[in-house]
Amino acid sequence: MEAGSKDKILKSSNHPSWVFCFPSKHFSSTPSTTKDPAFIGVDSKTIQRKPAGWKAMPYILGNETFERLASYGLTANFMVYLLSHYHMNQIYAANLLTIWAGTTNFAPLIGAFLSDAYLGRFKTLAYTSFISFMGLLVLTLTAAIPDLYPPSCTPEQLQHGQCICPSKSQLGFLFLALGLLTVGAGGIRPCSIPFGVDQFDPTTDEGEKGITSFFNWYYFSFTVVIMIALTVIVYIQGLSWVWGFAIPTFLMFCAIVLFFAGTRIYVYIQPDGSVFSGIVQVFVAAYRKRKLKLPSSFENAVDEHVLYDPPVKGSSIISKIPYTDQFRILNKAAIKEDGGLKPDGTPVNKWRLCSIQQVEELKCIIRAMPIWVSGIICFTAIVQQHTFTVLQALKMNRHLGPKFQIPAGSLSVISMITIALWLPIYDRILVPNLREITKKEGGITILQRMGIGLCFSVFAMIAAGFVEKKRRESAVVAARPDGIAPITVLWLALQLVLMGLAEAFNVIGQIEFYNKEFPEHMLTVSNSLLHCSIGAAFYFSSFLVAIVHEKTSKNGRSGWFDNKNINNGRLENFYFLIGGLGAANFIYFLFVAHLYRYKGSAIHDDDVSVKKVVLV
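Calculation notes
Residues numbered from 1 in each chain as written. Predicted model: local features only at pLDDT ≥ 70, side-chain atom pairs only at ≥ 80, totals over all residues. Heavy atoms only, no water. Buried < 20%, exposed > 50% of the residue type's maximum accessible area, 1.4 Å probe, protein only. Helix = DSSP H or I, 4+ residues; strand = E, 2+ residues; numbered from the N terminus. Pairing = 2+ DSSP bridges. Expected span 1.5 Å × (residues − 1). Polar contact = N/O pair within 3.5 Å; in protein donor to acceptor, adjacent residues only side chain to side chain. Contact = heavy atoms within 4.5 Å. Phe/Tyr/Trp six-rings, centres within 6.5 Å; stacked < 30°, edge-to-face > 60°. Patch = residues over 30% accessible without salt bridge, like charges linked within 9 Å, V, L, I, M, F, W, Y side chains within 5 Å. Areas by Shrake-Rupley, 256 points an atom, 1.4 Å probe, with all protein chains shown as cover. Salt bridge = Lys/Arg side-chain N within 4 Å of Asp/Glu carboxyl O. pLDDT = per-residue confidence, 0-100. 1 Å grid on protein atoms, 1.4 Å probe; cavity = no way out; pocket = protein on both sides within 12 Å on 5 of 7 lines; lining within 4 Å. Points joined across faces, edges and corners; volume = space filled by probe spheres on them. Nonpolar A, V, L, I, M, F, W, Y, C, P; charged D, E, K, R; others polar. Core = buried A, V, L, I, M, F, W, Y, C linked by side-chain atoms within 4.5 Å.

S.K.: Hey, could you run me through the pairing of strand S7 (residues 485-488) in this one?
M.R.: Every regular strand shows the same layout, with side chains that alternate between the two sheet faces. Of the two faces of S7, the one lined by Ala-485 and Ile-487 is fully buried and the one lined by Pro-486 and Thr-488 carries no buried residue. In this sheet, S7 lies alongside strand S4 (residues 396-397) in parallel orientation, the contact comprising two bridges. Looking at S7, one finds that Asn-397 is bridged to Thr-488.

Structure below.
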């Protein structure tokens, strides 16, 4: 391995000997031959494995492809499933879907903790993949066994809300399936991208470019998969819910098999302990030493050995984060005191003395929080395509030709097509040309990319509002018994294209932001923050719907929403409201982005070379 290359350590304890589908020689504590180029340095206890880079990607991206195909094959049409199969009213179904999706996106925070502290990324992915498979299996049973869902009813009964509602036991079985899927997502989502990043060596130019390209191609493959899920899987679900869920279940099984097929070349990172305990330790230590004075400069602190700055240990950290004077009060946690160190140089009390590295890791999280908040409103706009956009599509002319009818759950494929077409153009054409102009590796800064995405999300909501106004007016004038507006569903394409561009810029920008601005051993935590932002958006959307419905439906008014017929509401006002919140959020983002410092871009507040990000 080249000098300075990333030190990846594979310990024998990380060999998953419990995996029954592979020969035991794959998991021996020493390689079968010292000539294996994947291994460098043979030892009875540890093996240093050279990152395989793109050689490992077919297994990781293949696993992610099948897993996403399974999960999105389920959720894409789930709103229709709740309305038609379980006979739920529109508001209850929308809130159930958003609350479940929100919980599912907060679960990665727990998964990240378990991965970093106890299991490691590989084992976390392995265990939770099996749990996700079980969740899909149970959900398939809710469609296959008649006792697990309410009796069917006619379209007329469904239109007038006269269908039998699900019993508590039937809802309980449904919630069991959703709970298992939540646990599965809690482990898969925070670990899949960091596990892929682990397979590259970021200390080389090839590895650094590979990681940058990996983010784009990861999302590209993810987008293609969703396109298939939103078309083929949703179409099958329109014919048979049993087969529509059984196929994603089988695909999840394929994902598990493919994931384990790459065990011979993966780089495995040992868990380094809980990041969260280290965060709390810094706060406690800084508070205990709040009355102590810091040196006037970092150079003085180094010369006088005032701050605790030991050599970095652990297999997953390749470099130390530069010391900064930002949030200076936290630096007091690293002030050394008499008798505070053991003879071996470790702290006597970790709750009174923390390293500079620990302090700077906490600062990474604090700096990222204002940026994280800005993503909530953007995702609030994006998640509407899974709820109210589906309701819009159900009340529009979805026919293409005399026989074929577009499934309502498939409309969001337009967003995915937009992303799939845009990303290769962006990655292979725009970025190289922008790189020549700006001299930046990504063509533009990460925050600039995110800001552009925020603008597109605002435009998408404004477009959605005007389209809904036209759709509702058309439906009212036509006055058909089924309430369907005699205009084509393709009117929704404009808002979905804009939504796709919002994802292509902001969401991928967030993925890159969290993976580049956090230390290597905190990648699972950083990626869980992305999903927490999505979860917060689902919760916020549900909260917004509840508040708006309560405030606008008083005194016998129909309000902006209607439980039975979307034509009786004013959904366009809700879209305009989200658009207005998005515009205010963009102004907020400009402010926090201006103040943000990229990791390692500044050392001291009094340094004239401090670089601040300005969106221009």
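S.K.: Looking at this structure, how should I read helix H8 (residues 241-261)?
M.R.: Since one α-helical turn is 3.6 residues long, residues separated by three or four positions face the same way. Given a rise of 1.5 Å per residue, 21 residues ought to cover 30 Å, and the 31 Å separating the end C-alpha atoms of H8 matches this to within 8%. Along H8, the residues classified as buried are Trp-241, Gly-244, Phe-245, Pro-248, Thr-249, Leu-251, Met-252, Ala-255, Ile-256, Phe-259 and Phe-260.

S.K.: How should I be thinking about the side chain of Thr-182 in this particular structure?
M.R.: By secondary structure assignment, the location of Thr-182 is in helix H6 (residues 168-197). Note on Thr-182: relative accessible area 11%, which makes it buried. A distance of 3.1 Å separates a polar atom in the side chain of Thr-182 from a polar atom in the side chain of Thr-104. Leave out the neighbours within four places in its chain, and Thr-182 touches Trp-100, Thr-103, Thr-104 and Ala-107.

S.K.: Explain the packing of aromatic side chains to me, please; I cannot follow it from the model alone.
M.R.: How two aromatic rings sit relative to each other is set out by the distance from centre to centre and by the angle between their planes. Inspection of the entire model under this criterion finds 31 aromatic pairs. Each ring, one from Phe-133 and one from Phe-253, has its centre 6.1 Å from the other, and the planes form 50°; the classification is tilted. Placement of Phe-133 in helix H4 (residues 121-144) and of Phe-253 in helix H8 is noted, with a sequence separation of 120 residues between them. Centre to centre, the rings of Phe-466 and Phe-576 are 5.3 Å apart; their planes meet at 70°, and the pair counts as edge-to-face. Taken together, the residues span a long stretch of sequence, with Phe-466 in helix H14 (residues 446-478) and Phe-576 in helix H17 (residues 571-595) at a distance of 110 residues. For Phe-466, a relative accessible area of 54% translates into the label exposed. When its relative accessible area of 29% is taken as the criterion, Phe-576 is described as partly exposed. Each residue in the set Phe-122, Phe-130, Phe-195, Phe-259, Phe-260, Tyr-266 and Tyr-268 is aromatic and connected to the rest through ring pairs, giving one cluster.

S.K.: Please clarify how a nonpolar patch on the surface should be interpreted in this entry.
M.R.: There is a patch of nonpolar side chains on the surface, built from Tyr-235, Leu-239, Leu-400, Phe-404 and Leu-490 and spanning about 490 Å² of accessible area. Among the secondary structure elements, Leu-400 is positioned in strand S5 (residues 399-400). On the basis of relative accessibility, which here comes to 43%, the residue Leu-400 falls in the partly exposed class.

S.K.: What is the right way to read the environment of Gln-448 from this model?
M.R.: Within the secondary structure layout, Gln-448 lies in helix H14. With a relative accessible area of 16%, Gln-448 lands in the buried category. Linking Gln-448 and Leu-590, residues 142 residues apart in sequence, is a C-alpha distance of 9.4 Å. A distance of 3.0 Å separates a polar side-chain atom of Gln-448 from the backbone nitrogen of Thr-445.

S.K.: What should I look at first to understand the pattern of salt bridges in this one?
M.R.: Pairing is possible between side chains that carry opposite charge, provided their charged atoms lie close to one another. Summed over all chains, the structure comprises eight salt bridges. Note that Glu-512 is salt-bridged to Arg-449, the shortest N-O span being 3.8 Å. Of this pair, Glu-512 sits in helix H15 (residues 493-516) while Arg-449 sits in helix H14, and the two are 63 residues apart along the sequence. Residues Arg-472 and Glu-572 are paired through a salt bridge, measuring 2.7 Å at the closest nitrogen-oxygen approach. Of the two residues, Arg-472 is situated in helix H14 and Glu-572 in helix H17; the sequence distance between them amounts to 100 residues.

S.K.: What is the right way to read the confidence of the model for the protein from this model?
M.R.: Any segment with low pLDDT has predicted coordinates that should not be analysed in fine detail. On average, residues of the protein score 77 in pLDDT, and 82% of them reach the 70 mark or higher. Looking over the protein, one finds the lowest element-wise mean pLDDT in strand S2 (residues 39-42), namely 31, and the highest in H17, namely 93. Under a pLDDT of 50 for its full length, residues 1-47 has, in the predicted model, 92 contacts with residues more than four places off or in other chains. Taken together, the stretch residues 602-616 has pLDDT below 50 and engages in 38 contacts with residues farther than four places along the chain or on a different chain.

S.K.: Hey, could you run me through empty space enclosed by the protein in this one?
M.R.: One water molecule sets the probe size; rolling that probe over the atoms shows where empty space is left. The tally for this structure, following the rule as stated, stands at nine cavities of 30 Å³ or more. Arg-68, Tyr-72, Asn-105, Arg-189 and Ile-534 are, among the 38 residues lining the largest cavity, the residues nearest its centre. For the lining of the largest cavity, the secondary structure elements donating two or more residues are helix H1 (57-75), helix H3 (90-119), H4, H6, helix H7 (205-239), helix H11 (356-382), H15 and helix H16 (523-552). The element best represented in the lining of the largest cavity is H1, accounting for seven residues. Classifying every residue of the lining of the largest cavity by side-chain character gives 25 nonpolar, nine polar and four charged.

S.K.: What should I look at first to understand the nonpolar core in this one?
M.R.: In globular proteins that are soluble, nonpolar side chains generally tend to be buried together. Ranked by size, the top nonpolar core spans 146 residues in total, and within it Phe-78, Leu-174, Phe-214, Leu-447, Phe-513 and Phe-574 carry the most contacts. Residues within four places of Phe-574 in sequence aside, it is in contact with Gln-384, Phe-388, Leu-544, Val-545, Val-548, Trp-560 and Phe-561.

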